[in-house]
Amino acid sequence: MTVETFMGKRLAEYDPPIRGDAITGDRYYSKEWMEKEWNGLWTRIWHVGGLMNDLQEPGDYLVHNFLRESVLMIRQEDGSVRAFFNACRHRGNRLVWSEVGFGDAITCSYHGWKWGIDGTLVHAQDAEDFAGGNPCGKVKLVEIRCAVWGGFVWYNMDQNAKPLEEWLAPLPEQMKNYQMETMKRVLYVEAVIDCNWKIIRDNFNESYHLPTLHPELATFIDDDYTDTSFEMYPSGHNRMVQKGCSPSNRLDLPEALEAPLSDILAEWGMDPEEYKGRAKEARLALQKQKRELGRQRGFKHHDTMTDSQLTDYYHYTLWPNLTLTMSPDGFQVLRSEPHPTDPEKCIFQHWYLMPPVEGRDEVVTPVGTVPFGDNEKEIVIYGEKSLGFVADQDMSIAIGQQQGLHSRGYTGGVISGQEKRIQRFHELLNDAVGH
């Protein structure tokens, strides 16, 4: 089924009923809620630990720190990846502090215990001085579930969790056309935001805010909810699809096409003047032009994409805290994670990944033009440097909302139909934490 056949409709199979649970304010600032989420949610889901691109050779490793936990993922001799808790079995010292690195072993800085890349202890100081005999070859780091999909390395602390691709379903089948594993991360920024991680999730689970916070998008993205598809899957993940390269139905369409739509057409050898008074026709014409010219211009990834994927925006919100916004020439990762100690703060990450195009040395990202390639992580102090122009707009409202949720005037929210994904998110959260 193509996106055009159900755009603006909610298919029954993707529109589950909701209970109407109150979305209480305390879940955004209570330490009790924070503890419940750790036990009932975070220790049971699949997390993105990093990019497979960073694990090219045996011994290459990634580290993902989450709340007070830390996970170490290491590429093995057979090309697979294994994940371990990043804590020495001797006295609990954290083993690795860098986010990426490499080596033929992991050595503890406290007493020099050395661990092989398969997690087995290979050296211990004074190994003869242990009541149970030499611990080398016997003691192993505590291993957890690990898998690779979409160019990401994933881990799960729950040994009984569903396999990754089963947990992700139906996303792997829907997203395979993008060839995500071939892309490079050209943007990686992170900041501490003064709001609970769920406020950012709520924002990405609806498009109701687009006309208010992002009015400039309406010139080339149709943000009218009646022409947008909303789908909610049994897994807890959901998808929103909006027509790109098409002005919003909310607008009184101008005679001439506006930027950036006019620029996009010109970039693909089309004359924007030809679409005066008929801006809605530009989208399908651009799909045809991209199909004809894509390969010769080096956009080989277009070969596997549908016509809709050549122009439209597929916005996935993965349960519970990961957003993948798939656009015609790359995708954004927008992740909010709880702060280690303060429920009224969170860690926000914005990645942008793009496919290689022959002859293209620079690319345009949400923070401007950068060299194409795996650019390094940048820690940003919010308000001092951009997280991306759209992300900046989203964060600007998140901080004020955090304050307002403390008010006695907030009694649980009045939710529109197009915000149903928010309601379902919180009902799934209630079930996960036993609320």
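Reading guide: rules and limits
Residues numbered from 1 in each chain as written. Predicted model: local features only at pLDDT ≥ 70, side-chain atom pairs only at ≥ 80, totals over all residues. Heavy atoms only, no water. Helix = DSSP H or I, 4+ residues; strand = E, 2+ residues; numbered from the N terminus. Buried < 20%, exposed > 50% of the residue type's maximum accessible area, 1.4 Å probe, protein only. Contact = heavy atoms within 4.5 Å. Areas by Shrake-Rupley, 256 points an atom, 1.4 Å probe, with all protein chains shown as cover. Pairing = 2+ DSSP bridges. Core = buried A, V, L, I, M, F, W, Y, C linked by side-chain atoms within 4.5 Å. Phe/Tyr/Trp six-rings, centres within 6.5 Å; stacked < 30°, edge-to-face > 60°. Lys NZ or Arg CZ within 6 Å of the ring centre and 35° of its normal.

Trainee: Teacher, can you tell me more about the overall build of the protein chain here?
Mentor: Looking only at helices and strands, the protein chain has nine helices and 20 strands in total. Taken along its principal axes, the extent of the C-alpha atoms in the protein chain is 85 × 60 × 45 Å. The buried share of the protein chain, reckoned over its 435 residues, is 54%. Put simply, of all contacts in the protein chain between residues at least 6 apart along the chain, 64% involve residues at least 24 apart. Carbon and sulfur atoms form 49% of the exposed surface of the protein chain, whose accessible area is close to 19,400 Å².

Trainee: Help me understand helix α4 (residues 197-204), please; the structure alone is not making it clear to me.
Mentor: One turn of an α-helix holds 3.6 residues; hence residues three or four places apart share an orientation. Within α4, eight of the eight residues are buried, leaving the element largely enclosed by the surrounding structure. Every buried residue belonging to α4 is among W197, K198, I199, I200, R201, D202, N203 and F204, and all of these are buried.

Trainee: How should the sheet that holds strand β10 (residues 152-156) be read in this particular structure?
Mentor: By way of backbone hydrogen bonds, the strands of a sheet pair with one another, either parallel or antiparallel. Within the open sheet, the seven strands sit side by side as β1-β10-β9-β4-β3-β2-β5. Their pairing is antiparallel. Because the sheet does not close on itself, it has two edges, and the strands there are β1 (46-51) and β5 (100-101).

Trainee: Explain the pairing of strand β19 (residues 368-371) here, please?
Mentor: Side-chain positions along a regular strand alternate between the two faces of the sheet. With four bridges connecting them, strand β18 (residues 362-365) and β19 associate as antiparallel partners. Across the sheet, residue T365 finds its bridge partner in β19, namely G368. In this antiparallel pair of consecutive strands, β18 and β19, the connection spans two residues.

Trainee: Teacher, can you tell me more about the nonpolar core here?
Mentor: The nonpolar side chains of a soluble globular protein tend to be buried, and buried together. Formed by 80 residues in total, the largest nonpolar core has its most connected members in F152, W154 and L324. Apart from residues lying up to four places away in sequence, F152 is in contact with V48, G50, L51, M52, A147, M180, L324, F331, V333 and W351. Within the second largest apolar cluster, 17 residues are counted, among which are C245, L257, M270 and L286.

Trainee: Looking at this model, I keep getting lost on the sheet that holds strand β13 (residues 238-242). Mind explaining?
Mentor: A sheet is described by the order of its strands in space; here eight strands give the open sequence β12-β13-β14-β15-β16-β17-β11-β20, paired in mixed fashion. Edge positions in the sheet fall to β12 (229-232) and β20 (378-379), since each has one partner strand and no second. The pairing of strand β11 (residues 184-193) with β20 spans two bridges and is classified as parallel. The residue of β20 that forms the bridge with E190 is I379.

Trainee: Hey, could you run me through unusual backbone geometry in this one?
Mentor: What is expected of a backbone is that most residues other than glycine have negative phi and most peptide bonds are trans. Of note, the amide linkage connecting A169 to P170 takes the cis form, showing an omega dihedral of 5°. If you trace the backbone, P170 turns up in the loop between α2 (164-168) and α3 (171-175). Backbone geometry at C245 places phi at a positive 55°, although glycine is not the residue there. Tracing the backbone through its elements, the reader meets C245 in the loop between β13 and α6 (261-267). When its relative accessible area of 4% is taken as the criterion, C245 is described as buried.

Trainee: I keep staring at the packing of aromatic side chains and nothing clicks. Help me out?
Mentor: Centre-to-centre distance and the angle between the planes together describe a pair of aromatic rings. For the structure on display, the rule yields 14 aromatic pairs. Geometrically, the ring pair formed by Y14 and Y233 is edge-to-face, given 5.2 Å between the ring centres and 85° between the ring planes. Of this pair, Y14 sits in the segment before α1 (31-42) while Y233 is found in the loop between β12 and β13, placing the two residues 219 residues apart along the sequence. Overall, the relative accessible area of 1% leaves Y233 in the buried class. Every member of this aromatic cluster is reached through a ring pair, and the members are W149, F152, W154, W167, Y188, F331 and W351. Taking NZ or CZ as reference, K36 lies 5.8 Å from the ring centre of W33, over its face.

So yeah, pure geometry; function would need other evidence.
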